[in-house]
Amino acid sequence: MAAQCSCKSEKLIVLACAGASNVGQISNEAAKRLDAGGDAKFACLAGVSGAISGIVASVKGADKLLVIDGCPVACAKKTVDAAGISGYRHQVVTDTGTTKVHAFQLEEADIQKTVDACRAKLNT
Ligand code: SF4
């Protein structure tokens, strides 16, 4: 049997709304952890909304793109849609059971639920 290469050659990118609430900041923290864990490269959503050509091209060139929003308002999703980007995976933090509040003290368990949900979506 031939040996299989386990290295990742896919270009995986994650974007986060990083909004001004606990769930917005959980989206940001989850994206940081996915980047640190080698799951996906964290890219700048503000660069997409600002139509920065290099960032938009990089995001469009991803083999898999994951967009994380804190809540169903879905600002990050609407930003990538407006940039003409499609075919991405989408995770909403409140869908994992965390309630949105205007506070920035994050619970580790809430972050981990979102990271786990994101990893599951990246693996589909
Ligand atoms: S998706 Fe929700 S948490 Fe994120 S920036 Fe928009 S309103 Fe704020």
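Attention in this report is confined to the structure presented alongside it. Residue positions are counted from 1 within each chain, in the order its sequence is given. This being a predicted model, a pLDDT of at least 70 is required before a residue's local features are given, and a value of 80 or more before pairs of side-chain atoms are given or counted; all residues contribute to the totals for chains, interfaces and linings. To obtain the side-chain values, all non-hydrogen atoms of the structure were included, while hydrogens and water were left out.

## Some words on the site of the ligand
In the neighbourhood of the ligand, the contacting residues comprise C17, G19, S21, G24, D69, G70, C71, V73, A74, C75 and K100. Split into classes, the residues belonging to the shell around the ligand amount to five nonpolar, four polar and two charged. Only heavy atoms are used to decide nearness, and a residue is near a molecule or strand if one of them lies within 4 Å of it. Basically, the charged four are Asp, Glu, Lys and Arg, the nonpolar ten are Ala, Val, Leu, Ile, Met, Phe, Trp, Tyr, Cys and Pro, and anything else, Gly included, counts as polar.

## Observations concerning the sheet that holds strand β2 (residues 41–42)
Note on pairing: two strands pair once DSSP finds at least 2 bridges between them. Under the DSSP-based scheme used, a helix requires at least four consecutive residues in state H or I and a strand at least two consecutive residues in state E, with every element numbered from the N terminus. The sheet built from four strands is open, its strands ordered β2-β1-β3-β4 with parallel pairing. A single partner strand is all that each edge strand has here, and the edge strands are β2 and β4 (89–92). With five bridges connecting them, strand β1 (residues 12–16) and strand β3 (residues 64–69) associate as parallel partners. Note on β3: the bridge partner recorded for L12 is K64. Residue contacts follow a heavy-atom distance rule, with two residues in contact if any of their heavy atoms lie within 4.5 Å. Lines fitted to the C-alpha atoms define the axes, with helices restricted to the stretch that makes contact. Angles between their N-to-C directions range from 0 to 180 degrees. Contacts from helix α1 (residues 22–36) reach β1, β2 and β3, with the element oriented near 150° to β3. Along the sheet, helix α4 (residues 75–82) contacts β1, β3 and β4; its crossing angle with β3, the most-contacted strand, is approximately 140°.

## Here's the deal with the pattern of salt bridges
What makes a salt bridge here is a side-chain nitrogen of Lys or Arg within 4 Å of a carboxyl oxygen of Asp or Glu, nothing more. Considering all chains together, one arrives at six salt bridges under this definition. Of the charged contacts in the structure, one is a salt bridge between E29 and R33, with a shortest N-O distance of 3.2 Å. Within this pair, E29 and its partner R33 are both found in helix α1, separated by four residues, close to a single helical turn. Its salt-bridge partner being D110, residue K113 comes within 3.6 Å of it at the nearest N-O pair. Highlighted residues: K113 and D110, both in helix α5 (residues 108–122), separated by three residues, approximately one helical turn. When accessible area is computed with a 1.4 Å probe and restricted to protein chains, residues below 20% of their type maximum are described as buried, those above 50% as exposed, and intermediate ones as partly exposed. Looking at K113, the relative accessible area reads 34%, which means it is partly exposed. The buried category is assigned to D110, whose relative accessible area is 16%. Linked through salt bridges whose partners overlap, the residues forming this network are E29, K32, R33 and E108.

## Quick notes on the nonpolar core
The set of buried Ala, Val, Leu, Ile, Met, Phe, Trp, Tyr and Cys residues whose side-chain atoms join them within 4.5 Å is what this entry labels a nonpolar core. V14, L34, L66 and I68 are the most contacted members of the largest nonpolar core, which has 17 residues in total. Residue assignment for this core shows that the elements contributing at least two residues are β1, α1, β3 and α5. Here the element with the most residues in this core is α1; it accounts for five residues. The next biggest cluster of nonpolar side chains, apart from the first, holds 13 residues, and it includes I13, V59, A76 and V80.

## Structural notes on unusual backbone geometry
Across the chain, the bulk of peptide bonds are trans and the bulk of non-glycine residues have phi less than zero. Look at A18: it is not a glycine, yet its phi comes out positive at around 55°. Along the chain, A18 falls in the loop between β1 and α1. By relative accessible area, which is 33% here, A18 ends up partly exposed. Look at A74: it is not a glycine, yet its phi comes out positive at around 60°.

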